[in-house]
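# Coordinate inspection notes
Residue strings, one per chain:
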Amino acid sequence: MASENPFRSILKALEKPDGGEFGNYYSLPALNDPRIDKLPYSIRILLELAIRNCDEFQVKSNDVEKILDWENTSPKQVEIPFKPARVLLQDFTGVPAVVDLACMRDAMNSLGGDSNKINPLVPVDLVIDHSVQVDVARSENAVQANMELEFQRNKERFAFLKWGSNAFDNMLVVPPGSGIVHQVNLEYLARVVFNTNGLLYPDSVVGTDSHTTMIDGLGVAGWGVGGIEAEATMLGQPMSMVLPGVVGFKLTGKLRDGMTATDLVLTVTQMLRKHGVVGKFVEFHGEGMRELSLADRATIANMSPEYGATMGFFPVDHVTLQYLKLTGRSDDTVSMIEAYLRANKMFVDYSEPESKTVYSSSLELNLADVEPCVSGPKRPHDRVPLREMKADWHSCLDNRVGFKGFAVPKEAQSKVVEFDFNGTPAHLRHGDVVIAAITSCTNTSNPSVMLGAALVAKKACELGLEVKPWIKTSLAPGSGVVTKYLAKSGLQKYLNQLGFSIVGYGCTTCIGNSGDIHEAVASAIVDNDLVASAVLSGNRNFEGRVHPLTRANYLASPPLVVAYALAGTVNIDFETEPIGTGKDGKQIFFRDIWPSNKEVAEVVQSSVLPDMFKATYEAITKGNSMWNQLSVASGTLYEWDPKSTYIHEPPYFKGMTMSPPGPHGVKDAHCLLNFGDSITTDHISPAGSIHKDSPAAKYLMERGVDRRDFNSYGSRRGNDEIMARGTFANIRIVNKHLKGEVGPKTVHIPTGEKLSVFDAAMKYRNEGRDTVILAGAEYGSGSSRDWAAKGPMLLGVKAVISKSFERIHRSNLVGMGIIPLCFKTGEDAETLGLTGQELYTIELPNKVSEIKPGQDVTVITNNGKSFTCTLRFDTEVELAYFDHGGILQYVIRNLIKQ
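Before going into details, it helps to say that this report is about the structure given with it.

Reading the values: rules and limits
- Residues numbered from 1 in each chain as written.
- Predicted model: local features only at pLDDT ≥ 70, side-chain atom pairs only at ≥ 80, totals over all residues.
- Heavy atoms only, no water.
- Phe/Tyr/Trp six-rings, centres within 6.5 Å; stacked < 30°, edge-to-face > 60°.
- Helix = DSSP H or I, 4+ residues; strand = E, 2+ residues; numbered from the N terminus.
- Buried < 20%, exposed > 50% of the residue type's maximum accessible area, 1.4 Å probe, protein only.
- Salt bridge = Lys/Arg side-chain N within 4 Å of Asp/Glu carboxyl O.
- Pairing = 2+ DSSP bridges.
- Axes fitted to C-alpha atoms, helices over the stretch in contact; angles between N-to-C directions.
- Contact = heavy atoms within 4.5 Å.
- Parallel < 35°, antiparallel > 145°, perpendicular 65-115°, else oblique.
- Left-handed = near helix turned anticlockwise from the far one by under 90°.
- Nonpolar A, V, L, I, M, F, W, Y, C, P; charged D, E, K, R; others polar.
- Expected span 1.5 Å × (residues − 1).
- Arc of directions from axis to C-beta.
- Disulfide = S-S within 2.5 Å.

## Topic: the packing of aromatic side chains
Counted according to the given criterion, the structure contains 25 aromatic pairs. Taking the centre distance of 5.1 Å and the plane angle of 35° together, the rings of F249 and F284 count as tilted. You can see F249 sitting in strand β12 (residues 246-252) and its partner F284 sitting in strand β13 (residues 281-285), a full 35 residues away along the chain. The burial state of F249 is the same as that of F284; both residues are buried.

Here you go:
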């Protein structure tokens, strides 16, 4: 049982400069341990957290010692508990999280427990930001029109979340129309240092979106976790994590004129992918940090999932404090933050000699070496220097189908497709841009690139350039602050003139909420098998994510998005080819519309003001008229509506008893799907549109839902029936069972019948057969999507055997009771001669005490082949979850016992 904190002796008072006290804090210097000065700043946060929460039960003195001895213990993969200060949700993940909490209350009731124990014990910030579909674009009335449609489609979901904010303690819901979760977190929600009842401690956060890491740019330790893991954290359970190695990334010099934060982050992403940082922290340091704005740091931190790190961390320094003041935090709050972090050796002062921090490994980048670039056409780490873009595009047309190839025959590459667009003759070629979107938390929080895009638009308009009317252009700011500074600068009108009108405040094109493209454009693409392009200022460009009809998707800075929209194609060399023809008939080149750093800095200085942040976030707390008018049921137990197609009670706890079911093996299982490398969570559980011929569409139509009201998979995540049918429903998924055919189908092995994945899974289930999945490297990369684990569990998948897993997805599989196995190094399904036609048996002991984290397990097939895999239950706690049938079942049983 818990006992008094053994570190109470180092609890000290933090005095104010003018007398009085800020509060008490656990003082790291009071430990008098020389090892602290060598610890990376990110590890110091873990150390303080362990000391503060030490009760010799959930967190033990031995855990504190492991962290103190990080230099020696981190290479040994030791396990530590982590209890973050708060939890961050967005609505796509927030709805299923609140569904699960409501369900857990029901389960507690049925087992005779106190349902009110199912209540967040730490602050939960939920931002509704993923519901904005770009239905109306290129209109100055787009925001209101899209908001009205958003409320029509999502009224039931919004009402459910509003019920949750009333039914559960400690839950703040930020209404729709406020902004993107990570920008709202950066500008408003982040505390940096908490003061709770007079106790001071560093802010730390886990979020159910992988880009929670954006907050690392503010010196707040935060990263993405699975929804089910976040739910357990809300209920007071410590997260079990392996004490990570820390890669020191030294920055020197400064960016050259014309370079953007996006160019920098794509360069950093490629470097870190090559270095290998999966499961590690990356900590940035060096004199180059002085030249890096907070917004630029946040851009780099945001893309931690793309380079594979758990965090891309920037310790707090004078730049951080300036940003806190800019964004409206009070002088007293900033003074308290600085005093606490300085007192606890967590503040970097560049006027002092650099500390002797020890890192697991090191990298270095001279910022002057960064050059303009984009990334694509199918993965965020496939960086392409702008000067090589045209040549790279032609290589992609030639190459066989893959991450860098479309296999378009030479004779078809110059094809021109004529079509009629609203009575005007139009044409499309391979590589032509049909979507150009300034979107995503990665860039819309950065005034330099947003105002840089506006300056490009101004220069283009003054020279007489236009964007073709069939290109779907959009601007989705991450908060209302962006609107205010664009208006103050006088530049929004130029973006409007080119079609980049504001469409709403939230996550749009980057999550797949692109909306429809014009029917004539869609027909031209489909009927002629064109490789159409999207260019977006996002962080994800996996195939099938942005829009079903854009096979080539490039990540670019906001100014480059405008440039490519003007050019109308990615098949262009910006250095030698004109971007268009001006009003005087002269050819206009890229260099003619690109602003200098000085121009951008001047407009940022004059247009981005603290009062804008204060006014924006004062309005957020008041809500908006549509949100405020939503009526919701009272009561702490939710009244499930069996007819609802948005909110449905999932079956996770049906038949649950107080006795854990124990570990399970797998007997004579069929291979449901046989994959290669880089199967993302977008492949497993798409967030975008629901295809008209899919099992989910059939389910909705059978319940009287019109096709125009299908909404997206992301918006339907509160309904397990739809999400099970949407599992592996990505139209671009490649399953080896189909022998080259692309799409969301598989083969039912016993009959040879080709079926949708859902129908095949149900057929196996009705036959009493377990199933497994074979996969290559990086299985589950991409968004931290809990439905990518919940869905396979509901389909009857018992194990996934892959070359490697993305960190969060492996954790999600564990949380849902699915066995994660890794092939041994140098082996995979191909080298072992596995076709996926075999039956698979995985034998595990009946007692969890006889299973060890990371042990070898033998997989036996019915044709005599057997092979050894590594069991990827990485900690003892994960084995306990497996014993209970999942993390939520574990939490319920433990809460009842308390």
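## Considering the pattern of salt bridges
Counted under the stated rule, the structure contains 42 salt bridges. Close ionic contact of D91 with R157 constitutes a salt bridge, the shortest N to O distance being 2.9 Å. A residue pair is termed long-range when its members are at least 10 positions apart, and D91 in helix α4 (residues 91-110) and R157 in helix α5 (residues 142-167) qualify at 66 residues. Here D91 falls in the buried class, since its relative accessible area comes to 0%. Given a relative accessible area of 0%, R157 falls into the buried group. A salt bridge links D828 to K803; the nearest nitrogen and oxygen atoms lie 3.8 Å apart. Separated by 25 residues along the polypeptide, D828 in the loop between β31 (819-823) and β32 (839-842) and K803 in the loop between β30 (797-802) and α29 (807-815) bring together distant segments of the chain. Take K803: its relative accessible area is 36%, and that puts it in the partly exposed class.

## Quick word on the sheet that holds strand β8 (residues 199-202)
Strand order across the open sheet formed by four strands is β1-β2-β8-β7, with mixed pairing between neighbours. Each edge of the open sheet carries a strand with a single partner, namely β1 (11-15) and β7 (193-196). Strand-to-strand twist in this sheet, taken as the mean axis angle between neighbours without regard to direction, amounts to 40°. As defined by bridge partners, β7 adjoins β8 across four bridges and the pair is classed as antiparallel. Residue N195 lies in a different strand from β8, and its bridge partner there is L200. Of the strands in this sheet, β2 (21-26) and β8 are in contact with helix α1 (residues 41-52), which crosses β8 at around 145°. Sheet strands in contact with helix α12 (residues 331-343) are β1, β2, β7 and β8, and its direction is about 35° off that of β2.

## A look at the packing of α4 against helix α7 (residues 227-234)
How two helices sit against one another is set out by the angle between their axes and by the gap between those axes. Direction vectors running N to C along α4 and α7 enclose 55°, while the axes themselves pass 10 Å from each other. Taken together, α4 and α7 sit at an angle that is classed as oblique. For the pair α4 and α7, the crossing hand works out as right-handed. Residue-level contacts link P96, A97, D100 and L101 of α4 to I228, E231 and M234 of α7. Split into classes, the residues belonging to the contact of α4 with α7 amount to five nonpolar, no polar and two charged.

## Things to note about α12
In an α-helix, one full turn covers 3.6 residues, which means residues spaced three or four apart are oriented alike. Helix length check: α12 (13 residues) gives 18 Å between terminal C-alpha atoms against 18 Å at 1.5 Å per residue, within 8%. For α12, the full list of buried residues reads V334, M336, I337, Y340 and L341. One face of α12 carries all of its buried residues, which in axial projection span an arc of 160°. Among the exposed residues of α12, those pointing more than 90 degrees away from its buried face are D331 and D332. Buried-residue contacts for α12 involve β1, β2, α1, β7, β8 and α11 (318-326). Positioned one or two residues after α12, K345 has a phi angle of 60°, which is positive.

## Some details on the packing of α4 against helix α31 (residues 887-897)
Remark: α4 packs on α31, axes separated minimally by 11 Å, with the N-to-C direction vectors making an angle of 45°. Viewed along their axes, α4 and α31 adopt a mutual orientation that is oblique. For the pair α4 and α31, the sense of crossing is right-handed. Residues D100, M104, A107 and M108 of α4 lie in contact with α31, whose contacting residues are L888, V891, I892, L895 and I896. The residue inventory of the contact of α4 with α31, partitioned by class, reads eight nonpolar, no polar and one charged.

## Side note on helix α2 (residues 61-68)
For α2, the set of buried residues is D63, V64, K66, I67 and L68. On the buried face of α2, the contacting elements are α1, α3 (70-73) and β3 (79-82).

## Examining the sheet that holds strand β10 (residues 221-224)
Overall, parallel pairing links the five strands, which are arranged β6-β5-β4-β9-β10 in an open sheet. Here the strands that pair on one side only, and so sit at the sheet edges, are β6 (171-174) and β10. Sheet twist, expressed as the mean angle between neighbouring strand axes with direction ignored, is 20°. Strand direction decides the pairing type here: strand β4 (residues 86-90) and strand β5 (residues 124-127), joined by four bridges, are parallel. For V87, the partnering residue across the bridge sits in β5 and is V124.

## A look at unusual backbone geometry
Here the residue pair G376 and P377 is connected by a cis peptide bond, since its omega of 15° sits within 30 degrees of zero. Its place among the elements puts P377 in the loop between β16 (373-375) and β17 (383-385). Positive phi is not limited to glycine here, since D668 has a value of about 50°. Along the chain, D668 turns up in strand β26 (residues 666-674). On the basis of relative accessibility, which here comes to 28%, the residue D668 falls in the partly exposed class.

## As for the environment of G714
With respect to the element layout, G714 can be found in the loop between α25 (695-702) and α26 (720-725). Spatially, the C-alpha atoms of G714 and D392 are 33 Å apart, while their sequence positions differ by 322 residues.

## Details of the side chain of S210
Residue position: S210 is located in the loop between β9 (204-207) and β10. Residue S210 is classed as buried on the basis of its relative accessible area of 3%.

## Points about the side chain of N553
Structurally, the position occupied by N553 is in strand β23 (residues 552-555). Not counting the four nearest positions on each side in its chain, N553 is found in contact with S375, G376, P377, K378, A534, N541 and V546.

## Thoughts on the state of the cysteines
Counted under the stated rule, the structure contains zero disulfides. Free cysteine: C396, not disulfide-bonded; nearest cysteine sulfur from C373 at 15 Å. Counting only cysteine sulfurs, C869 is the nearest neighbor of C671, a cysteine outside any disulfide, at a range of 13 Å. For C671, a relative accessible area of 0% translates into the label buried.

## Concerning the pairing of strand β19 (residues 424-428)
The sheet contact formed by strand β18 (residues 417-421) and β19 spans five bridges and is antiparallel. Paired with V417 across the two strands is L428, which belongs to β19. Connecting β18 to the next strand, β19, in antiparallel fashion are two residues, including N422 with a positive phi near 50°.

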